[in-house]
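Breakdown of the fold
One-letter residues, chain by chain:
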Amino acid sequence: MRGAEDVKNWMNMFRWIVKLIRDDYGIPEDQLTRNAAIEEDLGLQAEQLEQVMDALSEAFKIRFPEGALNELVRLEELCLLASWLAGFYKQPPFLADSFAAEAMAMNPGAGQG
C-alpha cells in the first residue's frame, strides 16, 4: 500500500494519483494533466481505472459506488471525486444527484470538505 499520510487536500490527492498512474502504468508525467481524458489521452482501460480506484480505496479508506466509472471522464474528475469522498474537497458539480447521495451514504467523510 502506498502511503497516504501526506495527503491533506485535493492538490496533494492529485499528485498522489499522478504518481500512482506514472509508476504503475508507465504513463509519462507530462501527459498526466488535470484535463487529460482518462481513456482517450492516457489510454487507461476500465480495468486499469478500477485498479487505480482500488488503490485509492485502500489508501484513503473510501468506497466508490457502483457506476463510478460512468461519472469520470478526465483525470481531474477522479481526483475531485476521491478528494470529496475522503473529506478533502466539496462535492464535485459533475456528479449525478443519485450517485452523490449513494457516495455520501457509503463515505461518512464525504461532504466535510
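Residues numbered from 1 in each chain as written. Predicted model: local features only at pLDDT ≥ 70, side-chain atom pairs only at ≥ 80, totals over all residues. Heavy atoms only, no water.

Turning to the packing of helix α1 (residues 10–25) against helix α4 (residues 75–85), a few remarks are in order. Interhelical geometry of α1 versus α4 gives an angle of 125 degrees and a closest axis separation of 9 Å. Overall, the two elements α1 and α4 adopt an arrangement that is oblique. Handedness of the crossing formed by α1 with α4: right-handed. Residues Trp10, Met13, Phe14, Ile17, Val18 and Ile21 of α1 form the contact with α4, whose own contacting residues are Leu75, Glu76, Leu78, Cys79, Leu80, Ala82 and Ser83. Residues belonging to the contact of α1 with α4 are distributed by class as follows: eleven nonpolar, one polar and one charged. (Axes fitted to C-alpha atoms, helices over the stretch in contact; angles between N-to-C directions. Helix = DSSP H or I, 4+ residues; strand = E, 2+ residues; numbered from the N terminus. Parallel < 35°, antiparallel > 145°, perpendicular 65-115°, else oblique. Left-handed = near helix turned anticlockwise from the far one by under 90°. Contact = heavy atoms within 4.5 Å. Nonpolar A, V, L, I, M, F, W, Y, C, P; charged D, E, K, R; others polar.)

Taking burial as the measure, the eleven residues of α4 include eleven buried ones, the bulk of the element. Elements that come into contact with the buried residues of α4 comprise α1, α2 (46–60), α3 (68–71) and α5 (97–106). Immediately beyond the C-terminal end of α4, within one or two residues, lies Gly87, with a positive phi of roughly 85 degrees. (Buried < 20%, exposed > 50% of the residue type's maximum accessible area, 1.4 Å probe, protein only.)

On to the side chain of Glu71. With respect to the helices and strands, Glu71 occurs in helix α3. Excluding anything up to four places from it in sequence, Glu71 contacts Glu77, Phe94, Leu95, Ala96 and Phe99.

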